[in-house]
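So you can see what is in the structure, the chains are spelled out below.
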Amino acid sequence: MQSGITKEIQYRKIAQAIRETINRNHLKPGTPLLSAKGLAAEWGVSLKTAQNAIGVLVAEGAVYRIGGSGTFVGPRPQSLRTLKIGCTLRSISENRNEKLNVLLNAPADQALDYLKRRNVTIDPLSKELFYETVPFRRRIAGLDGLLISGVAVNLDNCFSVRELPIPCVVFQSDFLVEEPVSQVLADHLSGIRKIFQIARIRYKGIIIIYGNHRNGEARKNAFQKAALENGYTQEQIHTIAFNANLQNAYVLGRRLSKECRGKLIISCSDTFSSDIISALNSVGLLFGKDYEIIGYDNSEGNGFHPFSEPTITSISVDNTQCALLAARLLLEKIRSGEQTTTIIRVPTRLTIRKTALNPYNNLSKGEKQ
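Cut-off values and rules
- Residues numbered from 1 in each chain as written.
- Predicted model: local features only at pLDDT ≥ 70, side-chain atom pairs only at ≥ 80, totals over all residues.
- Heavy atoms only, no water.
- Pairing = 2+ DSSP bridges.
- Helix = DSSP H or I, 4+ residues; strand = E, 2+ residues; numbered from the N terminus.
- Axes fitted to C-alpha atoms, helices over the stretch in contact; angles between N-to-C directions.
- Contact = heavy atoms within 4.5 Å.
- Parallel < 35°, antiparallel > 145°, perpendicular 65-115°, else oblique.
- Left-handed = near helix turned anticlockwise from the far one by under 90°.
- Nonpolar A, V, L, I, M, F, W, Y, C, P; charged D, E, K, R; others polar.
- Salt bridge = Lys/Arg side-chain N within 4 Å of Asp/Glu carboxyl O.
- Buried < 20%, exposed > 50% of the residue type's maximum accessible area, 1.4 Å probe, protein only.
- Expected span 1.5 Å × (residues − 1).
- Arc of directions from axis to C-beta.
- Patch = residues over 30% accessible without salt bridge, like charges linked within 9 Å, V, L, I, M, F, W, Y side chains within 5 Å.
- Areas by Shrake-Rupley, 256 points an atom, 1.4 Å probe, with all protein chains shown as cover.
- Lys, Arg positive; Asp, Glu negative; His and termini not counted.
- Charge placed at Lys NZ, Arg CZ, Asp CG, Glu CD.
- Polar contact = N/O pair within 3.5 Å; in protein donor to acceptor, adjacent residues only side chain to side chain.
- Phe/Tyr/Trp six-rings, centres within 6.5 Å; stacked < 30°, edge-to-face > 60°.
- Lys NZ or Arg CZ within 6 Å of the ring centre and 35° of its normal.

**Student:** When you look at the sheet that holds strand β14 (residues 348-351) in this model, what are you seeing that I'm missing?
**Tutor:** Picture the strands of a sheet paired through backbone hydrogen bonds; they go either parallel or antiparallel. An order of β9-β8-β10-β11-β12-β14 is seen for the 6 strands of this open sheet, with the pairing classed as mixed. Looking at strand neighbours, the two that pair on one side only are β9 (237-242) and β14, the edges of this open sheet. Strand after strand, the sheet turns through a mean of 15° between neighbouring axes, direction not considered. Looking at chain direction, strand β8 (residues 205-211) and β9 are connected through 6 bridges and run parallel. When the bridges of β9 are listed, glycine 211 appears paired with phenylalanine 242. Contacts from helix α6 (residues 190-199) reach β8, β10 (263-267), β11 (291-296), β12 (313-317) and β14, with the element oriented near 35° to β14.

If you want it as structure tokens, here you go:
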């Protein structure tokens with residue numbers, strides 16, 4: 001019993017001596033210390049006692065360890081410290097197609113892999129937390145930052161990200177947030193403007209179908225503004241808010257068959273574009289001849305093919321690069337001590353498919369990018 005007490009006093013005595021040496025000599029952070037083996041030899045104690053002494057100093061932050069390199073005077077540099085980041089990334093798709101769900105979640109998965117390779121611990125957050133400000137603030141206590149996918153969380157109904165006490169990066173998000181939130185903005189209107197530079201008044205009307213949420217509204221507004229700028233009147237533009245939880249895209253497509261001839265359909269999400277095209281095909285309307293449809297998200301270009309033909313001309317967004325950029329930016333913000341929220345959007349382009357280049361197509365002949 002006495003021996004155990006003696007050993008405990010011994011390793012604490014060694015830890016106190018090292019602590020005093022650090023304070024007395026004003027050793028700079030990062031100065032290497034003796035290894036546990038060297039410390040054991042110097043003090044004439046067992047390796048375990050020396051390790052316990054170092055463990056006490058590590059626990060209180062006086063020193064820190066780097067695997068394979070040794071022990072150094074603390075505090076541990078921010079760049080070496082294990083960071084803990086809260087993430088809400090997974091997309092919950094109404095579409096039960098597993099391949100589509102994998103596609104929607106691929107950007108977030110790559111961002112998580114990137115963070116894990118950089119000494120980051122991931123704390124998954126339930127999206128329900130975002131709807132109650134006070135419980136959410138308690139939940140994020142102890143986190144170094146937040147990485148949020150606009151696909152997973154509809155920020156329109158959430159807390160104000162401007163007021164978070166830790167850095168936050170939101171990606172895959174189309175809507176703008178007013179200052180003073182810092183933003184990394186890209187011109188997602190480039191592809192939209194290109195559409196109407198090509199189409200102009202070749203189509204007698206425009207039908208814009210958009211998701212009944214803030215991102216959908218942002219896309220619809222961008223299409224409508226570009227159409228008006230290029231000669232269409234408000235009367236020639238028909239907008240339809242679509243809620244996938246309440247309506248079926250195929251049923252909507254059948255309804256559109258009565259009014260879409262000679263018009264350009266804008267579908268603000270590829271998740272329901274394919275069902276709309278299938279419905280129009282079922283009543284004998286020919287894609288590219290009786291109507292043209294422009295999709296958003298470029299799901300087909302990223303490997304999701306709900307049917308063989310026709311492929312959809314789309315506004316294409318590189319969401320994978322967007323997610324990686326968000327992860328890198330969040331680490332930079334944490335290490336620099338910047339406590340701001342950033343909304344990331346990436347440039348988009350109009351991707352015109354081969355099936356949109358048939359002889360009777362009015363929109364895109366000779367305009368392939």
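**Student:** How do you make sense of the packing of helix α8 (residues 249-256) against helix α9 (residues 270-282) when you look at a structure like this?
**Tutor:** A pair of packed helices can be characterised by two numbers: the angle between their axes and the separation between those axes. It is at 7 Å that the axes of α8 and α9 come closest, and there the two elements cross at 45°. Regarding the angle of α8 to α9, the classification is oblique. The handedness of the crossing between α8 and α9 comes out as right-handed. Two secondary-structure elements touch here, α8 through Ala249, Tyr250, Leu252, Gly253, Arg254 and Leu256 and α9 through Phe272, Asp275, Ile276, Ser278, Ala279, Leu280 and Ser282. Looking at the contact of α8 with α9 residue by residue, the classes come out as 8 nonpolar, 3 polar and 2 charged.

**Student:** Any chance you could explain the pattern of salt bridges here in plain terms?
**Tutor:** Any two side chains of opposite charge can pair, so long as their charged atoms come close to each other. Enumeration over the complete set of coordinates arrives at 5 salt bridges. One salt bridge in this structure joins lysine 220 and glutamate 217, with 3.4 Å as the shortest N-O distance. Of this pair, lysine 220 and glutamate 217 both sit in helix α7 (residues 214-229), 3 residues apart, roughly one helical turn. Under the relative-accessibility criterion, glutamate 217 is labelled partly exposed at 30%. Residue glutamate 229 pairs with lysine 225 through a salt bridge whose shortest N-O separation is 2.5 Å. On the criterion of helical spacing, the pair formed by glutamate 229 and lysine 225 is a turn pair, its members being 4 residues apart in helix α7.

**Student:** I would appreciate a short explanation of helix α3 (residues 47-59) in the present structure.
**Tutor:** An α-helical turn contains 3.6 residues, so a residue and the one three or four places further along point in the same direction. Look at α3: 18 Å from first C-alpha to last across 13 residues, which is about the 18 Å you get at 1.5 Å a residue. Buried within α3 we find Thr49, Ala50, Ala53, Ile54, Val56 and Leu57. Buried residues in α3, looked at end-on, bunch into an arc of 150°, giving them a common side. Facing away from the buried surface of α3 by more than 90 degrees, the exposed residues are Lys48 and Ala59. Phi for glycine 61, located one or two positions after α3, is positive at around 85°.

**Student:** For this particular structure, what's the right way to read a positive patch on the surface?
**Tutor:** A surface patch of like charges, here positive, comprises Arg117, Arg118, Arg328 and Arg335. Within the secondary structure, arginine 328 sits in helix α10 (residues 319-336).

**Student:** Please clarify how the pairing of strand β13 (residues 341-344) should be interpreted in this entry.
**Tutor:** It is a general feature of regular strands that their side chains alternate between the two faces of the sheet. Side chains Thr341 and Ile343 of β13 all project onto a buried face; the interleaved residues Thr342 and Ile344 project onto the opposite face, where all are buried too. Note that strand β6 (residues 168-171) and β13 share 3 bridges and pair parallel. Note that in β13 the partner of valine 170 across the bridge is isoleucine 343.

**Student:** Is there a simple way to think about the packing of α6 against α7 in this case?
**Tutor:** Interaxial distance between α6 and α7 falls to 9 Å at its minimum, and their mutual angle equals 35°. Relative to α7, the crossing made by α6 is right-handed. Every residue of α7 that contacts α6 at Ile192, Ile195 and Phe196 is listed here: Ala222, Phe223, Ala226 and Ala227. Here the residues of the contact of α6 with α7 sort into 7 nonpolar, no polar and no charged.

**Student:** Could you clarify how one ought to interpret the side chain of threonine 342 in this entry?
**Tutor:** With respect to the element layout, threonine 342 can be found in strand β13. Taking relative accessible area as the criterion, threonine 342 reaches 3% and is therefore assigned buried. Of the polar contacts made by the side chain of threonine 342, one reaches the side chain of lysine 333; its length is 3.0 Å.

**Student:** Would you mind showing me how to read the packing of aromatic side chains here?
**Tutor:** A ring pair, where both rings are aromatic, is described by two values, the distance of the centres and the angle of the planes. A full pass over the atoms with the stated rule returns 4 aromatic pairs. Seen from the ring of tyrosine 296, arginine 219 lies directly overhead, with NZ or CZ sitting 3.7 Å from the centre. One cation-aromatic arrangement involves lysine 220 over tyrosine 210; the distance from NZ or CZ to the ring centre is 5.1 Å.

**Student:** Would you mind going over the environment of glycine 145 with me for this structure?
**Tutor:** Here glycine 145 is to be found in strand β5 (residues 145-149). The exposure class assigned to glycine 145 is buried, which follows from its relative accessible area of 0%. In the structure, glycine 145 is positioned 61 residues away from lysine 84 in sequence and 7.2 Å away in space, judged by C-alpha atoms. The contacts of glycine 145, once residues within four sequence positions are left out, are Lys84, Ile85, Gly86, Ile166, Pro167, Leu330 and Ile334.

**Student:** I would appreciate a short explanation of the pairing of strand β3 (residues 83-88) in the present structure.
**Tutor:** Most of β3 sits inside the fold, with 5 of its 6 residues counted as buried. Here β3 runs beside strand β4 (residues 120-124); their pairing, made up of 5 bridges, is parallel. Of the residues in β4, the one forming a bridge with isoleucine 85 is isoleucine 122. Where β3 meets β5, 4 bridges bridge the pair, whose relative direction is parallel. Counted as the bridge partner of glycine 86 is leucine 146 from β5.

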